[in-house]
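This is what each chain is made of:
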Amino acid sequence: MKLSVVGTGYVGLVSGACFAELGNQVTCVDIDEEKVEGLRNGVMPIYEPGLEEIVEENYENGNLEFTTSLEEGVKNSDIIFIAVGTPAKEDGGADLSAVKTVAKTIAETMKEYKIVVDKSTVPVGTGDWVEEFIAEHQKNDCDFDVVSCPEFLREGSAVSDTMNPDRIVIGTEDQKPAEILDELHQDFNAPILHTDRHSAEIIKYAANAFLATKISFINEIANICERAGGNVVEVAKGIGSDHRISDKFLRAGVGFGGACFPKDTKAIVKTANENDYDFKIVDSVVEVNEQQKETMVNKLKNLLPNLTNKTISVLGLSFKPNTDDMREAPSRTVIKQLLEAGAKVKAYDPIAMDEAKEVFGDQIEYCEGTYEAIKDTEAVLLVTEWDQFQDLDLTRVKRLLNKPIFIDGRNCYDLHEMEQEGFIYHSVGRPSIS
Ligand code: NAD
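Residues numbered from 1 in each chain as written. Predicted model: local features only at pLDDT ≥ 70, side-chain atom pairs only at ≥ 80, totals over all residues.

Visitor: A description of the site of the ligand should follow, citing residues and the corresponding values.
Guide: Around the ligand, a shell composed of 26 residues is seen, among which G7, G9, V11, S120 and T121 lie nearest. Broken down by secondary-structure element, the contributors of at least two residues to the shell around the ligand are α1 (10-21) and α5 (97-109). The residue inventory of the shell around the ligand, partitioned by class, reads twelve nonpolar, nine polar and five charged. (Near = placed C-beta within 6 Å. Helix = DSSP H or I, 4+ residues; strand = E, 2+ residues; numbered from the N terminus. Nonpolar A, V, L, I, M, F, W, Y, C, P; charged D, E, K, R; others polar.)

Visitor: Outline the nonpolar core, listing residues and values.
Guide: As a rule of thumb, nonpolar side chains are buried together in soluble globular proteins. Among the nonpolar cores identified, the biggest contains 76 residues, and V6, V14, A17, I80, F81, I82 and V117 are the most heavily contacted of them. With nine residues, the top contributor of residues to this core is helix α9 (residues 197-228). Two domains share this core, each providing at least three of its residues, namely domain 1 (2-195) and domain 2 (204-291). Ranked by size, the runner-up nonpolar core spans 40 residues in total, among them L300, L338, F360 and A379. (Core = buried A, V, L, I, M, F, W, Y, C linked by C-beta atoms within 7 Å. Buried ≥ 20, exposed ≤ 12 C-beta atoms within 10 Å, placed from the backbone. Domains from an automatic or database assignment.)

Visitor: Provide a residue-level description of helix α14 (residues 330-340), including the pertinent values.
Guide: Along α14, the residues that are buried comprise P330, S331, T333, V334, I335 and L338. Against α12 (280-293), α13 (295-303), β9 (311-315), β10 (344-348), α15 (353-360) and β12 (379-382) lie the buried residues of α14. Phi for G342, located one or two positions after α14, is positive at around 90°. (Contact = placed C-beta atoms within 7 Å.)

Visitor: Tell me what's going on with the sheet that holds strand β14 (residues 424-426), and back it up with residues and numbers.
Guide: Spatially, the six strands line up as an open sheet ordered β11-β10-β9-β12-β13-β14, and their pairing is parallel. At either margin of the open sheet sits one strand with a lone partner, and together these are β11 (365-366) and β14. Note that β10 and β11 share two bridges and pair parallel. Looking across to β11, one finds that K346 is bridged to E365. Contacts from α14 reach β9, β10 and β12, with the element oriented near 180° to β9. (Pairing = 2+ DSSP bridges. Axes fitted to C-alpha atoms, helices over the stretch in contact; angles between N-to-C directions.)

Visitor: Can you break down the UniProt feature "binding site: NAD(+)" (unreviewed entry) in the chain residue by residue, with the values?
Guide: Taking the UniProt record as the reference, the feature "binding site: NAD(+)" (unreviewed entry) is found at D30, K35, T86, T121, E155, K263 and R327. The greatest C-alpha distance among the annotated residues, which extend across 298 residues, is 24.2 Å, indicating that they are dispersed rather than converging on a single site. Tracing the chain through its elements places T121 in the loop between β5 (114-118) and α6 (126-137). Mapped onto the secondary structure, E155 falls in the loop between β6 (144-148) and α7 (158-163). Residue classification places E155 among the buried positions, given that 24 C-beta atoms sit within 10 Å. Once you skip the residues sitting within four places of it in the chain, E155 turns out to touch Y10, G258, T323 and D325. (UniProt positions renumbered as here; feature names shortened; annotations may be inferred.)

Visitor: Any chance you could break down the UniProt feature "domain: UDP-glucose/GDP-mannose dehydrogenase C-terminal" (unreviewed entry) in the chain for me, citing the residues and the numbers?
Guide: Here the UniProt-annotated "domain: UDP-glucose/GDP-mannose dehydrogenase C-terminal" (unreviewed entry) positions come out as residues 313-415. Secondary structure across residues 313-415 divides into 31% helix and 17% strand, with the first and last C-alpha atoms of the span separated by 20 Å.

Visitor: For the environment of M326, give the residues involved together with the corresponding values.
Guide: Within the secondary structure, M326 sits in the loop between β9 and α14. M326 sits in the buried class, given 22 other C-beta atoms within 10 Å. Setting aside anything within four residues of it in sequence, one finds M326 in contact with L317, S318, F319, A352, E355, A356 and V359.

Visitor: With reference to specific residues and values, describe α5.
Guide: Given a rise of 1.5 Å per residue, 13 residues ought to cover 18 Å, and the 19 Å separating the end C-alpha atoms of α5 matches this to within 8%. When we look at burial in α5, the residues that qualify are V99, V102, A103, I106 and A107. With its buried residues spanning 135° around the axis, α5 presents them on a single face. (Expected span 1.5 Å × (residues − 1). Arc of directions from axis to C-beta.)

Visitor: Residue-level account of the pairing of strand β8 (residues 192-195), with values.
Guide: With four bridges joining them, strand β7 (residues 168-171) and β8 adopt parallel strand pairing. Considered in β8, the bridge of I170 is made with H194. In this fold, β7 hands off to helix α8 (residues 175-185), which returns the chain to β8; that crossover is right-handed. (Right-handed = clockwise from strand over helix to strand, strands pointing away.)

Visitor: With reference to specific residues and values, describe the domain arrangement of the chain.
Guide: According to the domain assignment, the chain consists of domain 1 (2-195), domain 2 (204-291) and domain 3 (294-426). Taken over C-alpha atoms, the centre of domain 1 sits 29 Å from the centre of domain 2. The interface is formed by twelve residues belonging to domain 1 together with eleven residues belonging to domain 2. Per-class residue counts for the side of domain 1 that touches domain 2 are seven nonpolar, three polar and two charged.

Structure below.
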C-alpha cells in the first residue's frame, strides 16, 4: 500500500520504517529540514535499537522516502498517518497546533479519496474536529475518512514493539477505512480491536494513565517500606505473582518521565475537568511522581546536609535505558536540586550526552565514561538503569569516590553485596546501609 507518515520522530520514523519493512511504499514527511536531510544521508535523529538497519535497508530498496513536502506525501499516498508531536500546554492540555497545520495542508492538497489516520496521542473528540476541519478547508471536493489508531510503542524497544504489538486499535465506525486498515495491519500478526473513534482516543490515555498509576502506586508502597520497614522488591514480587495484578510496572524507582506518561496523565485530568469530572486518582499519580523525583537528593541531603561546592556523580540522564530521550527525565529534577543546593555535578550517560548538553548547557561537567564521572566525587547517584551501570566494578567505584555514598534510584544492587563492599547505600523502598 502507499502510505505517508507525517512527523518523523519516535513514532513516525519507527512506524514508517516498519511499514516499509513489511513491503509498503512509505513517504516520511517532516518539517525539520535538517532531520530529513540527515535521514537521506543515513543519519538517525534518534537512538532506537534496530532502527538504523531497517531505515537504511528500506531507503536503499526504495520502499522508504523522506521529504519536507507534505504536498508530496499526500500525493504519493492513499493513507496518511499523522504522527506529529502533541506536547503539553501550560494548562496541561495537549497542544494540537501541529495536528492542525497538517490537517490544513491535507485539506488543501488532496485530490482523491484518502484515509487520514491519527497516530499522535490526542484528546477525545480530536478526530471529529479534524474531520470537520478538513471538510471545511477542502479545496477539491473529495471523499475522505478520519480514523484513530493510537500508538503504544515504548521508546528503547520501539521497533520490536511496532513489529509485535499486543494489539492494534482501529477507531472508526466506517466499514471502508476499517477494511483497508485491517489489511494494512494484518502482517503485524496482532489482535485488531475495532472501536468507535472516541473510544480509541480514550484507550491511549487510559492505558498510559493506568501504567503511570502502577508506577506511582509501587513508589508509594516503597515509601511506606522505607518508613515502616520492609523491602519493596519482595512486596512487588508478592503482589505481582497474582495474575490479576501482574508483575509488570511494579518496579519502584525515582519516578516516571519521558514524552508520554507525564503529559498524558496531565492531559486526561484536563479532559476530565473539561467534562465536569475530577479524576482524583490520576491527579494524585502526577503529584506522587513529582515528589518521587526529589527523593534521591533528599536522601543525599540527609547524609551530606551541606552540598555547597561538593561534587556529586550522576549516572544516567535519559528518562530510561536504551533511549536518548531526556523529555521530563527524572535526572532533570535530580540535577536541578543538586545545583540549587550549591553542588557541582559530574554526569555520564551512554547515549544521551548530546541531548543532555542541550538541557544543562555548561552547568554540569560531562564525562567520557562511568568511572571518570565517579572519580573524586562525594557520592554517586544512579538515576537511569542502563546495563553498564548495573554491573559496576564496585571495588573500583569505592576507591574512586571520596566518600563511599551510593544512592541507587533503581534498586540495581544487592544489599548484602553493598554492605560487604562497605558502601553507605540507600536505594528505593529497601533497608538502607549506613
Ligand atoms: P517527536 O517529537 O519525536 O516527533 C514529532 C515530529 O513531528 C518531529 O520530528 C517534528 O519535527 C515533526 N513535526 C512537527 N510539526 C510538523 C508538521 N507540521 N509537519 C511535519 N512534521 C512535523 O514525537 P513522538 O515522540 O514521535 O510523538 C508523536 C506523537 O505520538 C505524540 O502525540 C506522542 O504522544 C505519541 N506517542 C509517542 C510515543 C513515544 O514513546 N514517543 C509512544 C506512543 C505515542
